[in-house]
Amino acid sequence: MVKRLLQDLEGRFESLKTPFYYYDTDLLAETLSAIKNETDKRDGWHLHYAVKACANAKVLRQIQRAGFGADCVSGGEIRACLENGFPASEIVYAGVGKSDWEIELALEAGIQYFNVESIPELEVIAEIATRMNRVANVSFRINPNVGAHTHVNITTGLAENKFGIAKEDMLHVIRVAQAMPSVRFVGLHFHIGSQILQMDDFEALCHRINELQDQLEASGITEVHNINVGGGLGIDYQNPDGTPIPDFKSYFETYAKHLKLRPGQRLHFELGRAVTGQCGSLITRCLYVKQAKAKQFAIVDAGMTELLRPALYGALHQIQNLSAGQGTLDGVQQADGDGRQAAVKYDIVGPICESSDTFAKDFLLPETRRGDLLAIRSAGAYGETMASQYNCRELPKAYTTEEILH
Ligand SMILES: *Cc1c(COP(=O)(O)O)cnc(C)c1O
């Protein structure tokens, strides 16, 4: 496939009101087929895309057409999936706090199963299912107490995290569910965190699941039809052009090698970030360059309202000046030579009235001027979905490759 560089689209971006999201749907297509190449060759492996990473309607449709199911964490996400072509039977629903209306919506639609995170939640699902004269398929999210080498705010599989049911309580909750006529126990669910790049973490999860499966077998519990290992595979924020597609081969091979499935068991994955992260960029315009005492600020028209990750977890995204130079293959952009200095240090900040509204500090860009278009890269996951209207801002628009070229 011909690689289309972002700066080749600068002319097309020029007429659009900034800031906006741009999704490279060719890269998304390549990413989806790289995943399919790994999962299709293995029996009983299924991918449910984690919708919270990016719920843009055009992106959802493309993912659905590529044959993925969906992992939702709210009623709103279930609606978005139904509206964008996902059959209810391909939707699973997790989350520590499900409201009654969300449970009713999921039962009414007939989703594949709930990933249940506590006994009080199980009781409410059973009660609502009884009232609606339905049977709810439930899988239990077990907290595996497996750490992940990632940011503390995005680990989810430790005993201290709010997610899931302690592994010591697993047998008890399954027995409770098996005694409920309006509930059918269908499997186990895990999710240890996000932006994980060390395969050892996923291997540790496999070993833990193997232990738990042995315990279940010893207790005579055999109806574990689905093992859902969640998501978490990270992307290369440092070098989005060098690693546009995550290392799916190592990721899936880790599971193939270490996880012992029982005959007939289905294995579900719930990747989010690894699917959409690299295909999205936030396009913004430089409003002013401000020389302060000790620093130079490039003030842009996008802020934490469009991309919250830097303010929320100190995340660093590569930034490229599309009006002033070539790409960032090695992480440092080269100037075009139109009389600009090759590299100037900027703090790149947004317009929002918060000091945390900073995309990068002491970041090297070719000399940047008012009116330049900048791309904040690797923003396709946890970008548009986290946008807010703080400061009475408008929510950002989004465009796909097809829309930009036609
Ligand atoms: C967020 C989440 C995912 C996806 O995580 P990524 O790191 O984006 O792959 C999968 N499963 C559950 C339950 C989640 O909450």
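About the criteria used
- Residues numbered from 1 in each chain as written.
- Predicted model: local features only at pLDDT ≥ 70, side-chain atom pairs only at ≥ 80, totals over all residues.
- Heavy atoms only, no water.
- Core = buried A, V, L, I, M, F, W, Y, C linked by side-chain atoms within 4.5 Å.
- Buried < 20%, exposed > 50% of the residue type's maximum accessible area, 1.4 Å probe, protein only.
- Domains from an automatic or database assignment.
- Contact = heavy atoms within 4.5 Å.
- Salt bridge = Lys/Arg side-chain N within 4 Å of Asp/Glu carboxyl O.
- Helix = DSSP H or I, 4+ residues; strand = E, 2+ residues; numbered from the N terminus.
- Axes fitted to C-alpha atoms, helices over the stretch in contact; angles between N-to-C directions.
- Parallel < 35°, antiparallel > 145°, perpendicular 65-115°, else oblique.
- Left-handed = near helix turned anticlockwise from the far one by under 90°.
- Nonpolar A, V, L, I, M, F, W, Y, C, P; charged D, E, K, R; others polar.
- Buried area = accessible area lost by both parts, 1.4 Å probe.
- Polar contact = N/O pair within 3.5 Å; in protein donor to acceptor, adjacent residues only side chain to side chain.
- Near = heavy atom within 4 Å.
- Areas by Shrake-Rupley, 256 points an atom, 1.4 Å probe, with all protein chains shown as cover.
- Phe/Tyr/Trp six-rings, centres within 6.5 Å; stacked < 30°, edge-to-face > 60°.
- Lys NZ or Arg CZ within 6 Å of the ring centre and 35° of its normal.

Remarks on the nonpolar core
In this structure, F114, F140, L188 and Y255 are the most contacted members of the largest nonpolar core, which totals 98 residues. Here this core gathers at least three residues from each of two domains, domain 1 (25-277) and domain 2 (278-405). With sequence-adjacent residues up to four places away left out, Y255 is seen in contact with W45, F202, L205, C206, V229 and F269. If you look at the next biggest cluster of nonpolar residues, it comprises twelve residues, including L6, L9, Y399 and I404.

What about the pattern of salt bridges?
Using the criterion set out here, one finds 21 salt bridges in the structure. Between K41 and E38 there is a salt bridge, with the nearest N and O atoms lying 3.5 Å from each other. Residue classification places K41 among the exposed positions, given a relative accessible area of 52%. Using a relative accessible area of 8% as the deciding quantity, one classes E38 as buried. Across the salt bridge formed by E403 and K58, the nearest N and O atoms sit 3.1 Å from each other. Taken together, the residues E403 in helix α12 (residues 401-405) and K58 in helix α3 (residues 57-65) connect sequence positions 345 residues apart. Among the residues examined, K58 registers a relative accessible area of 35% and is labelled partly exposed. Members of the salt-bridge network, linked through shared partners, are E38, K41 and R42.

Let's talk about the packing of helix α8 (residues 199-218) against helix α9 (residues 248-258)
Interhelical geometry of α8 versus α9 gives an angle of 25° and a closest axis separation of 9 Å. It follows that α8 is roughly parallel to α9 by the angle criterion. Pair α8 / α9 crosses with right-handed handedness. Only S250, Y251, T254, Y255 and H258 of α9 make contact with α8, whose side of the interface consists of M199, F202, E203, L205, C206, H207 and N210. Considering only residue class, the contact of α8 with α9 consists of six nonpolar, five polar and one charged.

Details of helix α5 (residues 100-109)
Regarding α5, the residues found buried are E102, I103, L105, A106 and L107. Residues of α5 that are buried make contact with α4 (75-83), β4 (91-93), β5 (113-116), α6 (119-132) and β6 (136-143). The positive-phi residue at the C-terminal boundary of α5 is G110, with phi of around 80°.

Observations regarding the domain arrangement of the protein
Examined at the domain level, the protein breaks down into domain 1 (25-277) and domain 2 (278-405). Each of domain 1 and domain 2 has a C-alpha centre, and the two are 33 Å apart. Counting residues at the interface gives 28 residues for domain 1, matched by 27 residues for domain 2. Between domain 1 and domain 2 the total buried area reaches about 2,400 Å² when both faces are included, carbon and sulfur atoms providing 48% of it. Sorting the residues of domain 1 by area buried against domain 2 places T25, Y237 and D241 first, and these three jointly supply 24% of that buried surface. Its salt-bridge partner being D241, residue R377 comes within 2.9 Å of it at the nearest N-O pair. The interface formed by domain 1 and domain 2 includes 19 residue pairs in polar contact (both at pLDDT 80 or more). Of all the secondary-structure elements, those providing two or more residues to the side of domain 1 that touches domain 2 are α2 (25-39) and α10 (273-276). Broken down by element, the residue count for the side of domain 1 that touches domain 2 peaks at four residues, all from α2. Its residues placed into classes, the side of domain 1 that touches domain 2 shows eleven nonpolar, eleven polar and six charged.

Observations concerning the site of the ligand
Around the ligand, the surrounding shell holds 14 residues, and the nearest of these are K52, S194, E270, R273 and Y382. The side chain of D71 places a nitrogen or oxygen atom 3.2 Å from a nitrogen atom of the ligand. Alone, the ligand offers 390 Å² of accessible surface; in the complex the protein occludes 95% of this. In the shell around the ligand, the residues fall into three nonpolar, six polar and five charged.

Concerning the packing of aromatic side chains
Using the criterion set out here, one finds 16 aromatic pairs in the structure. On the numbers, 6.1 Å between centres and 45° between planes, the contact of F202 with Y255 is tilted. Separated by 53 residues along the polypeptide, F202 in helix α8 and Y255 in helix α9 bring together distant segments of the chain. For the pair shown, F202 and Y255 are each scored as buried. In this structure an aromatic cluster arises from ring pairing among W45, F202, F248, Y251, F252, Y255 and F269. Over the ring of F68 we find K36, and its NZ or CZ is 5.6 Å from the ring centre. K98 extends its terminal NZ or CZ atom over the ring of Y93, reaching a point 5.2 Å from the ring centre.

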